[in-house]
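Topology and contacts: notes
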Amino acid sequence: MGSAENNSVTRGRSERRGITSTGQRLLALVTGATDGIGEAVSHRLAGIVDTLLVHGKSASLLSALAAELAPAHPGTSIVPVLADLRSFADVRRMAASIRATFDHIDILVNNAATAGQHPRALTEDGNESIFQVNYLSPVLLVAELYDLLRAARCCRVVNVVCDIHRQARAIGLGCVDGRRYHPLLAYAQSKFALAVHTASLASAFAGSRCTAVCLDPGVTETKLRRKLVVLPGGVVSEAADNVLYAATMRTMPREFYLVGKEIVQPEPELLRAPVQRALEEMTEEALGRRLPWAETAQGRSTACY
Ligand SMILES: NC(=O)c1ccc[n+]([C@@H]2O[C@H](COP(=O)([O-])OP(=O)(O)OC[C@H]3O[C@@H](n4cnc5c(N)ncnc54)[C@H](OP(=O)(O)O)[C@@H]3O)[C@@H](O)[C@H]2O)c1
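Residues numbered from 1 in each chain as written. Predicted model: local features only at pLDDT ≥ 70, side-chain atom pairs only at ≥ 80, totals over all residues.

Right, let's talk about the overall build of the protein for a bit. Summing up its helical and strand segments, the protein has 10 helices and eight strands in all. Out of the 305 residues in the protein, the part that is buried amounts to 50%. Contacts spanning at least 24 positions in sequence make up 73% of the contacts within the protein whose residues lie at least 6 apart. (Helix = DSSP H or I, 4+ residues; strand = E, 2+ residues; numbered from the N terminus. Buried ≥ 20, exposed ≤ 12 C-beta atoms within 10 Å, placed from the backbone. Contact = placed C-beta atoms within 7 Å.)

In structure tokens, the structure reads:
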């Protein structure tokens, strides 16, 4: 359950570094902040923003993280927010508690993800669990917080993807039904969907003060990596640097895909308006709500790319 109001670890007022020219205080939200890359990103962002919302699914891990971050960054309010991304109800509760407390969000890092499991598992909402945690719930979070993002002086949505999504291209959007289930394939497909979503969002944001990017942070030694493949990865600090770069770099709407710190050409499939539309329709059905950016994105995707 979301806990923005109750669990706030409020520290003293920050110095002026984080206050924008309109007087807004800088606010960031990082999902999956209790481990791996997300934890390292939270440590970095805590030194930059005025308010840092750290998300996790374990109350005890969140408390431990807040207890570490708060004394190290006395000028920043550290706000733990709890939600299991396997549950839409949890995501909605968390978003509602954030909306009740804050009026804008400058940076949203959708970092949380799972490598899933064998055999295929369904969530309480009836979706394949990797697809819900890695794609549907992050998109629901963006939709539920859309007004707060638009209210920021300049907002940036960073979706952490994985280049392995290029393997999912050939199977389109249908593997979630379990006919050819494998966790690695489901993981790749969830990241493909998140990258397509980022293309739509970047397109819908074009011409506004909001931007969306996705990035592959690089092969990194974490719990998720160890579950997916046995080969060792790099250090989390380097991956966190890359996420931070994606969160703060200047970008154009066409430049929405990064590997490390490099803007690379996305799969052409991500940019195809029919692919974006098909995914949005399927997503709206799964979430039982309209996606506030969908209409704008549909009108613009062909013109932009
Ligand atoms: N590591 C790599 O080589 C690599 C490469 C490319 C992309 N990525 C991407 O980088 C991001 C971070 O991954 P990582 O490698 O740092 O993995 P990680 O160490 O396993 O961290 C994943 C985070 O997501 C959270 N999470 C997982 N399932 C959740 C759920 N149901 N509800 C809420 N939170 C949940 C975890 O919470 P708990 O702490 O409670 O488990 C953890 O904080 C992911 O998007 C991943 O796909 C990683």
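Once you've had a look at it, read on.
With that settled, the discussion passes to the nonpolar core. Counting residues in hydrophobic clusters, the biggest one holds 92 residues, and the most contacted among them are Val109 and Val243. If one sorts the elements of this core by residue count, helix H6 (residues 183-205) sits on top with 13 residues. Apart from residues lying up to four places away in sequence, Val243 is in contact with Ile37, Val41, Val109, Asn111, Val158, Val160, Leu215 and Pro217. (Core = buried A, V, L, I, M, F, W, Y, C linked by C-beta atoms within 7 Å.)

Moving on, we get to helix H8 (residues 236-248). Taking 1.5 Å as the rise per residue, H8 with 13 residues should run 18 Å; its terminal C-alpha atoms sit 18 Å apart, in good agreement. In this structure, the buried residues of H8 make contact with helix H1 (36-45), strand E4 (107-110), strand E5 (155-160), strand E6 (210-216) and strand E7 (257-259). (Expected span 1.5 Å × (residues − 1).)

Turning next to the site of the ligand. Gly32, Gly36, Ala113, Thr222 and Leu224 are the nearest of the 29 residues found near the ligand. When residues of the shell around the ligand are traced back to their parent elements, those giving at least two are H1 and helix H7 (223-228). Of the residues that constitute the shell around the ligand, the class distribution is 11 nonpolar, 11 polar and seven charged. (Near = placed C-beta within 6 Å. Nonpolar A, V, L, I, M, F, W, Y, C, P; charged D, E, K, R; others polar.)

It is worth spelling out the sheet that holds strand E2 (residues 51-56) at this point. Taken in spatial order, the eight strands line up as E3-E2-E1-E4-E5-E6-E7-E8 in an open sheet, and their pairing is mixed. Whereas interior strands pair on both sides, the edge strands pair on one side only; in this sheet they are strand E3 (77-82) and strand E8 (262-263). Two elements, E5 and E6, share six bridges in a ladder whose sense is parallel. Opposite Val157, over in E6, you have Ala212 as the bridge partner. Strand contacts of helix H2 (residues 59-72): E2 and E3, with the helix running at about 170° to E3, the strand carrying the most contacts. (Pairing = 2+ DSSP bridges. Axes fitted to C-alpha atoms, helices over the stretch in contact; angles between N-to-C directions.)

Moving on: the environment of Leu270. Within the secondary structure layout, Leu270 lies in the loop between E8 and helix H9 (273-287). When the C-alpha atoms of Leu270 and His197 are compared, they prove to be 8.3 Å apart, with 73 residues separating the residues in sequence. With residues up to four places along the chain from it excluded, the contact list for Leu270 reads Ala195, Val196 and Ala199.

On to the environment of Ala66. One can find Ala66 in helix H2. Judged by local crowding, Ala66 falls into the buried class, with 21 C-beta atoms found within 10 Å. Here the alpha-carbon distance between Ala66 and Val79, two residues 13 residues apart in the chain, equals 7.5 Å.

A word on the packing of H1 against H8. Working note: a packed helix pair is described by the angle between its axes plus the distance between those axes. It is at 8 Å that the axes of H1 and H8 come closest, and there the two elements cross at 65°. Classified by chirality, the crossing of H8 by H1 is right-handed. Contacts from Gly36, Ile37, Ala40, Val41 and Arg44 in H1 reach Val236, Ser237, Ala239, Ala240, Val243 and Leu244 in H8. Among the residues forming the contact of H1 with H8, the class breakdown is eight nonpolar, two polar and one charged. (Left-handed = near helix turned anticlockwise from the far one by under 90°.)

All right, on to the pairing of E6 then. Of all the seven residues making up E6, seven are buried; the element is thus mostly covered by neighbouring parts of the structure. Every second residue of E6 is oriented toward a common face, with Cys210, Ala212, Cys214 and Asp216 on one face and Thr211, Val213 and Leu215 on the other, all of them buried. Pairing of E6 with E7, which is carried by three bridges, proceeds in the parallel orientation. Residue Leu215 lies in a different strand from E7, and its bridge partner there is Leu258.

The next subject is the confidence of the model for the protein. Looking at the protein, the pLDDT average stands at 87 and 86% of residues meet or exceed 70. Of the regions scoring below 50 in pLDDT, residues 1-21 engages in 52 contacts with residues more than four places distant in sequence or in other chains. Note on residues 299-305: pLDDT under 50 across the span, and 14 contacts to partners over four residues away in sequence or across chains. (pLDDT = per-residue confidence, 0-100.)

Okay, the environment of Val219 next. Structurally, Val219 is set in the loop between E6 and H7. Assessed through the 16 C-beta atoms surrounding it within 10 Å, Val219 is described here as partly exposed. Separated by 14 residues in sequence, Val219 and Gly233 have C-alpha atoms that sit 5.0 Å apart. Beyond its immediate stretch of four places on either side in the chain, Val219 contacts Gly233 and Gly234.

Turning our eyes to something else, we now look at the pairing of E4. Here E4 shows a buried face lined by Ile107 and Val109 and a second buried face lined by Leu108 and Asn110. Direction of pairing for strand E1 (residues 27-30) relative to E4: parallel, over a ladder of three bridges. Counterpart to Ala28 in the pairing with E4 is Ile107. Here four bridges tie E4 to E5, and the two strands are oriented parallel to one another. Looking across to E5, one finds that Asn110 is bridged to Asn159.

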